[in-house]
Amino acid sequence: MDRLLSIEAFVRVAETGNFAKAAQQLGVTRSVVSHRIQQLEAFINAPLFHRSTRHVRLSEVGETYYKECADMVASFNSLTEHMRDLRAKPTGKLRVQMLPGFALGHFGRLLAEFTELYPDIDVDVIVNDRVVDPIEEGFDVAFQMFPPLAESLIGRKLFSVRRLFCAAPEYLERHGAPNEPADLQAHKVALYEGYPSRNKWVFNGGAEPVELSLAGQVRSNSVHLLRDYALNGTCVVCLPTLVASDDLLAGRLVPVLADYALTSFNFSAVYPATQRRALKVRTLIDFLVERISEEPAWDRPLLEQGWVR
């Protein structure tokens, strides 16, 4: 029995809760993973999982064994990456999940610089706005606004996602501008449905925070579609500044309710704890943190104008 391979198979099954997914991530067949787990169970003389036709969950022994094994796999991967780092630049395939709001208009430029600096890293970027578990879906790192879904995941903040309500000048000429948050109830509003706060909207700026529930006549999982929709003079829309900044500065969109700051969210890199020292993952995250900074380029002029806080 190769104990390291068996332990790695055990950790993958424990994290994914699925033999088939673990096998896919390891690049072997399901039967190979099952055999490695059986060998490990025979070696320690105890069952590691409770199995049923639909579910796989850790046994009491497995719960105790998992943390030590996960740390062991992480240490081995870290040592391997470190030895590679001593001899060469980072190498290998990096599978990334990225939110469209950042992927479109920003990440392409950064990715071009990154691949120029690290030509031995192959990057596979999947763009969608789903909240994913990178372990379960086989990503090295996911970039999202939601905190990690499990203790086996680590989150590292890249920047704050600021938001504001705005509208095209044509819309405001016809319908006027809302003066306070409650006025939005009388306007045609378009909203992004993927914020962590869901349908709860909190406005800060008055004596006390104002909380509203806004249904929105138009809702979408695409902030770019909502921006384009608003540019046609159709509505008041809430957009992240990383999408709206250029149109605001050019006057194609006008901020409304600028005295009321909306809650911001953290845009974070979320990755498995077993990857916390992986060189290729660390290299990409460190690169993005360095290039973007806490106050991104798209926010600085809006902060100077006082349109966001």
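This text follows the structure it describes.
The present account deals with the structure reproduced in this document. No experiment lies behind these values; they were computed from the predicted model shown. (Residues numbered from 1 in each chain as written. Predicted model: local features only at pLDDT ≥ 70, side-chain atom pairs only at ≥ 80, totals over all residues. Heavy atoms only, no water.)

**Comments concerning the overall build of the protein chain**
So, point 1. Along the backbone of the protein chain there are 11 helices and 15 strands.
So, point 2. Overall, the protein chain is about 75 × 45 × 35 Å in size when its C-alpha atoms are taken along their principal axes.
So, point 3. By the burial criterion, 45% of the 309 residues in the protein chain qualify as buried.
So, point 4. If you take every contact in the protein chain between residues at least 6 apart in sequence, the share linking residues at least 24 apart comes to 75%.
So, point 5. On the protein chain, roughly 15,400 Å² of surface is accessible, and the fraction owed to carbon and sulfur atoms is 48%. (Helix = DSSP H or I, 4+ residues; strand = E, 2+ residues; numbered from the N terminus. Buried < 20%, exposed > 50% of the residue type's maximum accessible area, 1.4 Å probe, protein only. Contact = heavy atoms within 4.5 Å. Areas by Shrake-Rupley, 256 points an atom, 1.4 Å probe, with all protein chains shown as cover.)

**Considerations on the nonpolar core**
So, point 1. In terms of nonpolar packing, the biggest core is built from 63 residues, with Phe143 and Phe165 touching the most fellow members.
So, point 2. By residue number, the principal contributor to this core is helix 10 (residues 279-292), which donates six residues. (Core = buried A, V, L, I, M, F, W, Y, C linked by side-chain atoms within 4.5 Å.)

**Description of the sheet that holds strand 12 (residues 236-240)**
So, point 1. Taking strand neighbours across the sheet as the criterion, the five strands line up as 11-8-12-7-13 in an open arrangement whose pairing is mixed. Each edge of the open sheet carries a strand with a single partner, namely strand 11 (218-220) and strand 13 (254-256). Here the strands of the sheet are splayed against their neighbours by 35° on average, with no regard to which way each runs.
So, point 2. Bridge count for strand 7 (residues 163-167) against strand 12 is five bridges, and the pairing is antiparallel. Residue pairing across strands places Ala167 opposite Val236, the latter belonging to strand 12.
So, point 3. Here helix 8 (residues 223-231) sits on the sheet and contacts strand 8 (189-192), strand 11 and strand 12; the angle it forms with strand 12, its principal contact strand, is near 140°.
So, point 4. Along the sheet, helix 9 (residues 241-250) makes contact with strand 7, strand 12 and strand 13, crossing strand 12 at roughly 115°. (Pairing = 2+ DSSP bridges. Axes fitted to C-alpha atoms, helices over the stretch in contact; angles between N-to-C directions.)

**What about the sheet that holds strand 9 (residues 200-204)?**
So, point 1. Read across the sheet, three strands follow the order 10-9-14 without closing on themselves; strand pairing throughout is antiparallel. This sheet does not close on itself; its edge strands, each paired only once, are strand 10 (210-213) and strand 14 (261-262).
So, point 2. Here strand 9 pairs with strand 10 via four bridges, running antiparallel. Opposite Trp201, over in strand 10, you have Leu212 as the bridge partner.

**Brief notes about unusual backbone geometry**
So, point 1. Positioned with a positive phi, Asn45 is a non-glycine residue whose angle comes to about 60°.
So, point 2. In this structure, Asn45 sits in the loop between helix 3 (30-44) and strand 1 (49-51).
So, point 3. Given a relative accessible area of 69%, Asn45 falls into the exposed group.

**Focus on helix 10**
So, point 1. Here helix 10 is 14 residues long and its end C-alpha atoms lie 20 Å apart, about the 20 Å a rise of 1.5 Å per residue gives.
So, point 2. Among the residues of helix 10, those classed as buried are Leu279, Lys280, Val281, Thr283, Leu284, Ile285, Phe287, Leu288 and Ile292. (Expected span 1.5 Å × (residues − 1).)

**Looking at the environment of His187**
So, point 1. Considering the arrangement of structural elements, one finds His187 in the loop between helix 7 (169-175) and strand 8.
So, point 2. Judged by relative accessible area, His187 falls into the buried class, the value being 16%.
So, point 3. The sequence separation of His187 and Val236 amounts to 49 residues, and the corresponding C-alpha distance is 7.0 Å.
So, point 4. Side chain to side chain, His187 and Tyr171 meet in a polar contact 2.9 Å long. (Polar contact = N/O pair within 3.5 Å; in protein donor to acceptor, adjacent residues only side chain to side chain.)

**Some thoughts on the pairing of strand 15 (residues 265-272)**
Sheet faces and side chains relate simply in a regular strand, where the side chains alternate between the two faces.
So, point 1. Counting buried positions along strand 15 yields seven of eight residues, so the element is predominantly enclosed.
So, point 2. With eight bridges connecting them, strand 6 (residues 153-161) and strand 15 associate as antiparallel partners. Among the inter-strand pairings, Val161 is bridged to a residue of strand 15, identified as Phe265.

**A closer look at the packing of aromatic side chains**
So, point 1. Tallying each qualifying case throughout the model produces 17 aromatic pairs.
So, point 2. Here the aromatic rings of Phe102 and Phe267 are separated by 5.1 Å at their centres, their planes lie at 50°, and the arrangement is tilted. With a gap of 165 residues between them, Phe102 in helix 5 (residues 100-117) and Phe267 in strand 15 connect regions that are remote in the sequence. The residues Phe102 and Phe267 share a single accessibility class, namely buried.
So, point 3. A centroid spacing of 5.2 Å and a plane angle of 80° characterise the contact between Phe159 and Trp298, whose relative ring orientation is edge-to-face. With Phe159 in strand 6 and Trp298 in the loop between helix 10 and helix 11 (300-305), the pair connects residues that are 139 residues apart, well separated along the chain. When sorted by exposure, Phe159 lands in the same class as Trp298, which is buried.
So, point 4. Aromatic rings pair up to connect Phe102, Phe107, Phe143, Phe159, Phe267 and Trp298 into one cluster.
So, point 5. The residue whose ring lies beneath Arg95 is Phe139, and the NZ or CZ to ring-centre distance is 4.2 Å.
So, point 6. The ring of Tyr195 carries Arg163 above its face, with NZ or CZ at 4.5 Å from the centroid. (Phe/Tyr/Trp six-rings, centres within 6.5 Å; stacked < 30°, edge-to-face > 60°. Lys NZ or Arg CZ within 6 Å of the ring centre and 35° of its normal.)

**Section: the pairing of strand 8**
So, point 1. Along strand 8, one buried face is formed by Val189 and Leu191 and the opposite face, lined by Ala190 and Tyr192, is buried too.
So, point 2. As paired elements, strand 8 and strand 12 share two bridges and run parallel to each other. Its bridge partner lying in strand 12, Ala190 is registered against Val237.
So, point 3. By the bridge criterion, three bridges tie strand 8 to strand 11 in an arrangement that is parallel. When the bridges of strand 11 are listed, Tyr192 appears paired with Ser220.

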